[in-house]
Amino acid sequence: MSKITTELLLERAVPRSTRLRKIETLNLSKLQLKTGDLDPRLFSRLRHLQKLDLSDNLLDKFPNSLTLPDLRVLNCNNNQLEDVTALKQFPLLEELTYENNVYLTLNDDYKVMFLLENLRLLNGKDITKLANHVRHVHSRKLTSKVTAHWEKFFRDQLPEKYTAEQVKSIRKKFLKSVQTNVVYGPSSLSEFTRWRVKMIAEEFLSYSLGLELNSDTEPEEKADENEEESTESPREAAEDVAQVVCIYDPLVTVTPSKRKRNHSKSGAGNKRSKSQANTEEEAEDVSAEPLHFLQCHSKGNSREDFKTQLWSCVFEPVLDSGARKDPIVSSSRTVATCGGESVCLIDCETGTVLKKYKVATEEFFSVAWTTLTMVISDSRKKAHNILAAAGRRGIVKLIHVAADFCYGEIKAHKKPIATVCFSPTQETHLFTASYDKRIALWDIGIPDCDYNFKASQLLVLEAASIPLRIALVPTCPEQYLLAGCEGGCFAWNIKLDKGEKSRPFEAIFQFPDDESMTTSHRVDGLAFLNDDVVVSKSSKPGCIYLWSWSRSFDAKGKGCQRTVSAVILAELEWSTTDMSYLTLSTCPAKSYVFCGDEKGSVWMYNLSSYTTAWGSPKGKRSERRISPAQILQWPELRVNGEQPPEILVNNVVSDPAFTYLVVLTSVNITAIWKKS
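Worth saying up front: this structure is predicted, and the values here are computed from it rather than measured. (Residues numbered from 1 in each chain as written. Predicted model: local features only at pLDDT ≥ 70, side-chain atom pairs only at ≥ 80, totals over all residues. Heavy atoms only, no water.)

**Points about the overall build of the chain**
- Assigned secondary structure in the chain consists of eleven helices and 40 strands.
- Burial statistics for the chain: of 676 residues in total, 56% are counted as buried.
- For the chain, the exposed surface amounts to about 29400 Å²; the carbon and sulfur share of it is 49%. (Helix = DSSP H or I, 4+ residues; strand = E, 2+ residues; numbered from the N terminus. Buried < 20%, exposed > 50% of the residue type's maximum accessible area, 1.4 Å probe, protein only. Areas by Shrake-Rupley, 256 points an atom, 1.4 Å probe, with all protein chains shown as cover.)

**As for the environment of Met517**
- Examined against the element boundaries, Met517 turns out to sit in strand β27 (residues 516–518).
- Note: C-alpha distance between Met517 and Ser565 (48 residues apart in sequence) is 7.7 Å.
- Not counting residues within four places of it along the chain, the set of residues in contact with Met517 comprises Gln510, Phe511, Pro512, Ser565 and Ala566. (Contact = heavy atoms within 4.5 Å.)

**Here's the deal with the packing of aromatic side chains**
- The tally for this structure, following the rule as stated, stands at 28 aromatic pairs.
- Ring geometry for Phe594 versus Phe658: centroids 5.1 Å apart, planes at 70 degrees, classification edge-to-face. Here Phe658 lies in the loop between β38 (649–654) and β39 (660–665) and Phe594 lies in strand β34 (residues 592–596), a separation of 64 residues in the sequence. Grouping residues by exposure puts Phe594 and Phe658 together as buried.
- Ring geometry for Tyr610 against Trp614: centres 5.4 Å apart, planes inclined by 20 degrees, an arrangement best described as stacked. (Phe/Tyr/Trp six-rings, centres within 6.5 Å; stacked < 30°, edge-to-face > 60°.)

**Details of the sheet that holds strand β1 (residues 25–27)**
- Spatially, six strands are ordered β1-β2-β3-β4-β5-β6 in an open sheet, and the strand pairing comes out mixed. Among the strands making up the open sheet, the edge pair consists of β1 and β6 (125–126). (Pairing = 2+ DSSP bridges.)

**Observations concerning helix α4 (residues 128–153)**
- Over its 26 residues, α4 extends 37 Å from the first C-alpha to the last, a length consistent with the 38 Å expected when each residue adds 1.5 Å.
- Along α4, the largest kink reaches about 35 degrees and is centred on Val134.
- When α4 is considered as a whole, its buried residues turn out to be Ala131, Val134, Arg135, His138, Ser139, Leu142, Val146, His149 and Trp150. (Expected span 1.5 Å × (residues − 1). Bend = angle between axes of the 7 residues up to and from the residue.)

**Here's the deal with helix α3 (residues 106–115)**
- Counting buried positions along α3 yields nine of ten residues, so the element is predominantly enclosed.
- Taken together, the buried positions of α3 are Asn107, Asp108, Asp109, Tyr110, Lys111, Val112, Met113, Phe114 and Leu115.

**Examining the pairing of strand β15 (residues 380–391)**
- Summarising the sheet, β15 and strand β16 (residues 395–400) pair through five bridges and their orientation is antiparallel. When the bridges of β16 are listed, Ile386 appears paired with His400.
- Joining the antiparallel neighbours β15 and β16 is a turn of three residues, in which Gly394 adopts a positive phi near 75 degrees.

**Topic: the sheet that holds β34**
- As summarised here, the arrangement of the four strands in space is β33-β34-β35-β36, forming an open sheet in which the pairing is antiparallel. The open sheet has two edge strands, β33 (584–587) and β36 (630–632), and neither has a second partner. Each neighbouring strand pair of the sheet contributes to a mean axis angle of 20 degrees, computed without reference to strand direction. (Axes fitted to C-alpha atoms, helices over the stretch in contact; angles between N-to-C directions.)

Pasting the structure below:
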């Protein structure tokens, strides 16, 4: 019988507790505990545990699935630990001590510095600078050496058409050779170097040859009582994506920076005349390179799934960045993506799927982040990131990501939800736009320490057609909302002191259509470039307009709803396709617009040289269509030795600093590019 029971945990809590979920500090020292005494099912109930003392016991390792999502401080002094790699399951760990474990060496110190990105103190010493060096400089050096070793000794051994046996043989030889011959750093760290070299080599082979990564983790255990929904740990999510990762083929030379000026597309309609060319923009070098191509939304984790459509992605806010004030520092490198039955959290730098949430009967269309200040215990408050996800079932799922816990749902609509977004000024206010031709505003409330919460509907906006994209006006996000719909572009007054809970639109905008103006067109792309400039895309072939919100809406004057002509500032050159639902996005801090096309390419527009002129009250429309600064063309990929089918780019989003570009496709591939 295990030495650890619920009663013992409650008794050893500091202070003593009546519920496991409320425990934040736990002292389990000097209990003669062995590894088998750490029951993952029992520990999984310690969702808010932040400090754990396991010193002076008999532990030789950690189980792989303790599920302590909020653990920050861990004391393992005076045990018999032989390995530290299982500590990667505690990604938020900041302080770690394991002194007087005679089997651990300097190599283990370097392993935990690499595995735990938030680690600041190791055995009482500040390791921040050294850890950054290990994770970045050291890793880059080894990656370069591993790649060079392949190119020099093994690349030519692989025929153009290869069998599974040939791949297996070369893989075995390469892994043995690279661990023997790639040397870096002092001999005292040779074990760590071999460990990293093997890891880097296996990742390299998985991307180039289509080989699955080895996994020495324990079989996945199902602990969720609800069979319809499941939240996967970082380990489980990583195992999923390892089985279905899409392969970037270095055997085919793909140099995006060399292709950046190749703007031509098939078909005469896409060829630009000399009069359309923008010399200044064409000379601009916006170098970006592909980092990862992932298949992490596959139904049933199938490598053969090229049908799941990916729709929405948004970068996670940084909790300690001064909240929503500075966009450059208000986002991490973690992005939430959705498509099919799952929502994934991905580390853009490493390509690691950190977490995965699945609902078997759902098809997710949209995700959005907010940061809630929650009471955790003893009336103490703490900021936590909450992810809202919604789709075909008309239900909003609320996920406390750090706790790996979907704590609630809102049955918002009886028809599918096309998109969701949070207010930038009211952290609990969520807008949901549905196929029922309504946009609802909800107050999702703030959950207590037991995740009890109360959601309420504050407002319903009546649309004339299905809303596809929504955007709050940056200068007055509590007063006006814009929506791109199947039947045009509309604006509503959303001020809550107006009284009416159900409201019609206040304005509908009309745009050029050949020789006249029209309101009747599908708007499937909508975003603000800055406080005033709106970017909207219609289903009319090659039509992306930039227009002034203030100059357009002010022309309406006061009174009832009416038709307003959009004050056009410019038009962007884009693909001539008439295919719908290939949406656009913006990076306001860098004055960039992004839009994918029907051939897997991403069109990037740098508009920084135009925004000043557009901001003046008498700013004139640009005479010609603005060309993209660069077109990122889809590189050649192989999945199981074959190229994927026709690729549509449904969505493309950058982080606020424009370091990463995440591309979502119609063939269940998430592509991550990095600006260099």
